[in-house]
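Residue strings, one per chain:
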Amino acid sequence: MTPRTWLGSWLTVLGTLFLALGAGAAPPPDAIVVGLLAEPVTMDPPQVTDLNSTRVIKRMFEGLTAQELGSYTIVPGLARSWDISKDGLSYTFQLRPNVTFHDGTPLTAEAVKFCFDRQMNEQGPFYKTGTYPYVRGFLGNVASVEVVNPLTVQIRLKAPLAPFLQYLAHHSLYVYSPEALRKWGKDVVKHPVGTGPFKLETWEPGVKVVLARNDQYWGGAPRLKQAIYVPIIEAQARLAAIRTGEIDLTMDVPPDSLDGLRRDPNVVVAETNSSAVWYVALNTRHPILKDRRVRQALNYAVNKEAIIRDILRGTAIVSHGPMSPVYGAYYEEKTQRYPYDVERARALLKEAGHAGGFDLTFFVPESGSGMQSPVEMATVIQANLAAVGVRVKIQTMEWGAYLKKYLEGPDMAEMSWNPSIGDPDHMMYMLLSSDRFPPAFNAGFYQNPRVDELLRAGRTTIDDARRVPLYREAQRLVAEDAPWIFVDHGKQVIVHRTRVQGFKLHPNFDLVLTPVSVQ
Amino acid sequence: MARGGGGLGGYALRRLALVLPVLLGVSILVFGVMQLAPGDPAAIMLGAQATAEDVTRLRRDLGLDQPVAWQYLRWLGRVIQGDLGRSIPLGREVLPEVLLRFKATLILTGGALLVAVVLGVAAGILSATRQYTWLDKISMAVAVTGVSLPVFWTGIMLIIVFALGLRWFPSAGMLSPYGGGGLGDLLWHLVLPAVTLGTASAAVLARMTRSSVLEIIRQDYVRAARAKGVSERGVILRHVLRNAINPIVTVLGIQVGTLLGGAILTETVFSWPGLGSMMVRAIQARDYPLVQGGVLLIATTFVLVNLLVDMLYAVFDPRIRYE
C-alpha cells in the first residue's frame, strides 16, 4: 500500500466514522441555511440595534405598516388600512382581523398600545424589561396611543411628521405578544412571539437559530419549512461554506472572490444599489476647511472610480451626494459633480490661498459595519490628496473608540450611513441638519440656513408631491457646499446557491424569505 | 511547592484560599482597563441612528452615569450573591451565557491539547532518540515553523485546503446546521480548529520534550537499564520519559493558558461558539458585565490549572512533598 492510498483509506474510515456518529447530512429539501456575519444579539424587537438580529426577527414580527419587497414604498402590514387627519396629527389604523401571535393570542388594538406604552411610559410596569434605543427618535413625537375598538387604534402626534408611516415599518415599533412579555419579562430577548410568517423553533447560542414555518400566517404560509441561520464570522470561511454548499445564502464575501463566484455554475451573485453612503466628513469649522473651495478641491482630488474598481472590486457606485438613486423621485440627478481632476483641485486650492498645501489629521476606523475597507480606502485618499499638496496623517482606531472620536467633531473622518428608514428625512436631516450637531451625527458642523429650512419643511410636509422638490433642492445645495468628500454608495451583494429560487433583494439589506423556495 | 512534611490536601486548600484575592485583583484590573478604553457602550449599541437623548437615556437606564467606583462596588456586591448581572446588548444573564460558551472553549482547548501532546511529545521523543539525524532536523524545523505561524493564518489556510479544496471538513461552526448534532458531527467540526490551535503548542512541547529527554537519556541509570537488557521502548517509556516529564508538565500547564488565549483567534476564524469569540464581541461593544464575567471564568480556570500542575509534580515524582 502506498502512503497515498494508505492515507486515502484511513480518511475514508474516518469519514464513515464521522457520518455514523451523526455528522451533517445533505441540505434538506425544504429548508434554507443562511450564513450571517454574526449571530443575532437579541430577539426583542424594540431592543434590536444590529443588522444580524434584524435579518432574523423581521421573519417573526411585523409592524402596522410594511415596505413593499424591493422598494421603500409603504404598504399595509398588520394594519390593513389607515386614515390620517387633515392636520397630520392623528393616525387611525384598522387592524387585520383574525391575526394571532405565535402563542395563539389574538392581535388587538390593546396589544399595539401595550407594545408602544412599554417603551414610552417610563413609569409603566414593563418599562424595566428592556432598554429602548430608538424610543426618543421614533416615538418622541407621539402624544398618545388610544384603543378605539378591538381592531382600531389611534395614534396622536405632537407635531406632523412626514416619515411616521416609515417609522412604523421599523423593527423597533413591531408588535409582539403582550402575553409573552408578561410571561418572560427580561428574558423575552430569547423568547420572540410575533405574528410573522416564521416562528422560533430553537436558538442554540453561537451555533444556530432555527425558524419554522407559521402555518397559521395570515398572508399564507411561506413555502420554506425552515430557515436556519448560522454565524460565520470570517469572510474566507463564508466563501468556503457557500462554495461547498454547506450554506445556501450569505453576504459580505471577500470582494476579490466575486469574479470566481460569478463563474461558479452552482451559485448566483445577486447585487443591487442600496441607500448606503460612504463619505469623509470635513469639519466646516476648521480654519482651512471652512472655505467651500477647499472642500470642493478635496472632492476633485480623490479618485473615486479607482477606489471602487481596485479596492471595492465594483461593489459600489460613485456617490455625488448623500442620497443614492434608490430614493427614486427624491433623488436629484442634476447636482454639481466632482470628477477626478487634479488640475481643477490645484486651481481651487490656489484660489483659496493654499497653493502650498496644508496638514490635516484623518481619522479612520479599523473596521465597522458598512465601513467597507476603511484603511485601504483611506490610504488611497491620502495619496490622492498628497498629489495636490494636502498632507494628511492617518490615525486608525478601533470602532468603539473611533465612534467616540467621530462624535467629538474631528477635522476629517470616514463614516458610512445605512439608513434603516426608507425616507429621505432619515438621511438628509439626520446627517446634515444643524439640529444634529455633535454629539449627534452632523460631525462636520455643516450649516446652511436654506438647507436647514428645506429639511425642516421636509419633515412636516405629508404630501409627497410637495416634499420631492424640497429634498431635490437640498441635495443641489449640499453638493455645492461639499461638506463631505462624497465617495461611494455600496451595493448590496448577496451570494446564494442556485437551488434557492425566488429570492429578491430589498434596499435596506433585509433578507426576505417569504417568496423563497429551495429545490 | 516545597519539600518536607505536610499534606497535599492542606497545601491545596491554602492555594485555593489565594484564588479569591487573585480574582478580586483581576476584576479590578479588568474593570479599570475597560473604563480607560475610550468608547461608550450606549453609543456603540445605538450607532448612528439614535438621537443624543436616546443615548443619554440608555446610559441612565444602564447605570453608566454613576461614578465608576460605585459601578464597580455595585457589580461586586451582586457577584458575591452569585449574580454576574446581564449583558448590556444581549439582555441575557451573564452566568449561564459564559458557562455555555466556556463549554465550547473547553472542547476546543481539549482537542488542541490532545493534538499538542500527541504530536509534540512524539516528535520530541523521536528527535531526542535520533539526535542529529535528518528526522531530528526535520521535526525541529517543523517545530520552529509551527511556533512562528500566526493562528489566523494557519486557520484560513486549513479552511482553504481542507474545507474548500478537498472538502474533507466543514469550514465553520461546531455542529452542522441540519442533521448531525451527534458526537461524530462535533469531532468532524473539531478537527481543523483543534489542529490550528494545537500546532503552536505542539511545537513548544516538542522542543521541551526533546531537551528534557536528551538530558535524562545521558544519565547513568539509563545506561544501566540498557545494560541489564531492558528493551529500548521500555527504557524510553519507563526510565526516560517518567523522569523527563515534570518540565514537560510545567510547559503543558503554561500551554493551557496560551491555548485559552489563542482560542480567541481560532474561535473567530472558525466561528467556534466559545468564550473567546464571544469576548471579542463583548469588548467591541464595551459590554462590561459580559467581559467581567468571561475574564473571571478564564482567570479561575487558569489559577486552577496551575494548581493542578503543581499537584501533578508529586504524582509523577514521589520525592516531591508539599507543606
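Considering the overall build of chain B
Right, on to step 1. Counting its secondary structure elements, chain B contains twelve helices and zero strands.
Right, on to step 2. By residue count, 43% of the 323 residues in chain B fall in the buried class.
Right, on to step 3. Here the contacts in chain B between residues at least 6 apart in sequence split such that 74% fall between residues at least 24 apart.

Concerning the sheet that holds strand β4 (residues 79-84) of chain A
Residues and elements named next belong to chain A.
Right, on to step 1. With antiparallel pairing, the four strands of this open sheet are ordered in space as β4-β5-β7-β6. Single-partner strands in this sheet number two, and they are β4 and β6 (142-149). Across this sheet, the average inter-strand angle for adjacent strands is 20°, counted without regard to direction.
Right, on to step 2. Two strands pair when backbone bridges link them, and β4 and strand β5 (residues 90-95) are joined in this way by five bridges, in the antiparallel orientation. Bridge pairing in β5 places I84 opposite Y91.
Right, on to step 3. The strands that helix α3 (residues 109-120) touches are β5, β6 and β7 (152-157); relative to β6, the one it contacts most, it runs at about 160°.

Considerations on the packing of helix α5 (residues 94-129) of chain B against helix α6 (residues 134-148) of chain B
Helix-helix packing is described using two parameters, namely the angle between the two axes and the distance between the axes.
Residues and elements named next belong to chain B.
Right, on to step 1. Relative orientation of the contacting elements α5 and α6 amounts to 145°, with a least axis distance of 8 Å. Taken as a pair, α5 and α6 cross one another with a handedness that is left-handed. The segment α5 lies against α6, with A123, L126 and S127 engaging L135, D136, S139, M140 and A143.

Considerations on the interface of chain B and chain A
Right, on to step 1. The interface is formed by 62 residues belonging to chain B together with 58 residues belonging to chain A.
Right, on to step 2. Of all the elements in the fold, those that place two or more residues in the side of chain B that touches chain A are α2 (41-46), α3 (52-61), α5, α7 (151-165), α8 (183-217), α10 (232-270) and α11 (275-284) of chain B.
Right, on to step 3. Taken together, the residues of the side of chain B that touches chain A break down into 33 nonpolar, 17 polar and twelve charged.

Re helix α13 (residues 399-406) of chain A
Right, on to step 1. Turning to α13(A), its buried residues number three or more, namely G400(A), Y402(A), L403(A) and Y406(A). Buried residues of α13(A) fall within an arc of 160° about the axis and therefore sit on the same side.
Right, on to step 2. Against β15 (358-365), β16 (390-397) and β17 (412-417) of chain A together with α2 and α11 of chain B lie the buried residues of α13(A).

Quick word on unusual backbone geometry
Residues and elements named next belong to chain A.
Right, on to step 1. Following P438, the chain continues to P439 via a peptide bond in cis, the omega torsion being 15°.
Right, on to step 2. Along the chain, the position of P439 falls in the loop between α14 (425-432) and α15 (449-460).
Right, on to step 3. Unusually for a residue other than glycine, N98 sits at a positive phi of about 60°.
Right, on to step 4. For N98, the location among the structural elements is in the loop between β5 and α3.

A few points about the nonpolar core
Right, on to step 1. Counting residues in each nonpolar core, the largest one holds 229 residues, and the members touching the most others are I32(A), V34(A), Y279(A), V280(A) and L205(B).
Right, on to step 2. Among the elements that line this core, the one with the most residues is α8(B), at 16 residues.
Right, on to step 3. For Y279(A), the contacting residues outside a window of four places in its chain are S319(A), M415(A), W484(A), I485(A), F486(A) and V487(A).

Let's talk about the packing of α14(A) against α15(A)
All names here are of chain A.
Right, on to step 1. Close contact between α14 and α15 brings their axes to 10 Å; oriented N to C, the two are set at 140°. In terms of orientation, α14 and α15 fall into the oblique class. Regarding α14 and α15, the two cross each other, and that crossing is left-handed. Across the interface between the two elements, D425, M428, Y429 and L432 from α14 touch V451, L455, G458 and R459 from α15.
Right, on to step 2. Broken down by class, the residue content of the contact of α14 with α15 amounts to five nonpolar, one polar and two charged.

Focus: the pairing of β5(A)
Residue and element names in this part refer to chain A.
Right, on to step 1. Residues Y91, F93 and L95 line the buried face of β5, whereas the alternating positions S90, T92 and Q94 sit on a face that is not buried.
Right, on to step 2. Joining the antiparallel neighbours β4 and β5 is a turn of five residues, in which G88 adopts a positive phi near 75°.
Right, on to step 3. Across five bridges, the pairing between β5 and β7 is antiparallel. Bridge assignment links T92 to a residue of β7, and that residue is Q154.

Notes on the confidence of the model for chain B
Residue and element names in this part refer to chain B.
Right, on to step 1. Looking at chain B, pLDDT values average 85 and 97% of them are 70 or higher.
Right, on to step 2. Low pLDDT (under 50) marks residues 1-5, which in the prediction has twelve contacts with non-local residues, meaning those over four places away or in another chain.
Right, on to step 3. Among the prediction metrics, the complex's ipTM stands at 0.84, with pTM recorded as 0.88.

The rules we used
Residues numbered from 1 in each chain as written. Chains lettered and ligands numbered in written order. Predicted model: local features only at pLDDT ≥ 70, side-chain atom pairs only at ≥ 80, totals over all residues. Helix = DSSP H or I, 4+ residues; strand = E, 2+ residues; numbered from the N terminus. Buried ≥ 20, exposed ≤ 12 C-beta atoms within 10 Å, placed from the backbone. Contact = placed C-beta atoms within 7 Å. Pairing = 2+ DSSP bridges. Axes fitted to C-alpha atoms, helices over the stretch in contact; angles between N-to-C directions. Left-handed = near helix turned anticlockwise from the far one by under 90°. Nonpolar A, V, L, I, M, F, W, Y, C, P; charged D, E, K, R; others polar. Arc of directions from axis to C-beta. Core = buried A, V, L, I, M, F, W, Y, C linked by C-beta atoms within 7 Å. Parallel < 35°, antiparallel > 145°, perpendicular 65-115°, else oblique. pLDDT = per-residue confidence, 0-100.

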